[in-house]
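Residues per chain are reported as follows:
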Amino acid sequence: MLRKFPQLITLNYITARKAGLKISVEELETHFMAGGNVENVVKSLVAAFSANIDLTEKKAKAIDLAGRDVYEAVKNTVVPKIIE
């Protein structure tokens, strides 16, 4: 996984910046080194930003590090699932 580390950080940084998020490479690196899923956090922040949901980077990272799928949570907020 460390072999793909620079590519993972770079692609997610570009994605976040193109979406209008103010996030640094260092913040993404720190989250990765803490064992977090950088791609999932960035996708959730972009989706939340696009849907005008108040999700801070700090909250998204905390949810991710707690073992929850933060992107799935944002998706369910935007388009709720119907449970039968």
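Residues numbered from 1 in each chain as written. Predicted model: local features only at pLDDT ≥ 70, side-chain atom pairs only at ≥ 80, totals over all residues. Heavy atoms only, no water.

> Would you mind going over the pattern of salt bridges with me for this structure?
A pair can form between side chains of opposite charge whenever their charged atoms are brought close. For the coordinates displayed, the defined rule picks out two salt bridges. For K61, the salt bridge is made with E57, and the minimal N-O distance between the two is 2.9 Å. Of this pair, K61 and E57 are both found in helix α4 (residues 57–65), four residues apart, which corresponds to roughly one turn of the helix. As far as burial versus exposure is concerned, K61 and E57 are alike and both buried. A salt bridge links K75 to E72; the shortest N-O distance between them is 3.6 Å. Pair noted here: K75 and E72 are both in helix α5 (residues 70–78), with a separation of three residues, about one helical turn. Assessed through its relative accessible area of 23%, E72 is described here as partly exposed. (Salt bridge = Lys/Arg side-chain N within 4 Å of Asp/Glu carboxyl O. Helix = DSSP H or I, 4+ residues; strand = E, 2+ residues; numbered from the N terminus. Buried < 20%, exposed > 50% of the residue type's maximum accessible area, 1.4 Å probe, protein only.)

> I keep staring at the packing of aromatic side chains and nothing clicks. Help me out?
Summed over all chains, the structure comprises one aromatic pair. Ring geometry for F5 versus F32: centroids 4.7 Å apart, planes at 40°, classification tilted. Here the residue F5 occupies a position in helix α1 (residues 5–18), and F32 occupies one in helix α2 (residues 25–33), the gap between them amounting to 27 residues. The residues F5 and F32 share a single accessibility class, namely buried. (Phe/Tyr/Trp six-rings, centres within 6.5 Å; stacked < 30°, edge-to-face > 60°.)

Just distances and angles here, no functional claims.
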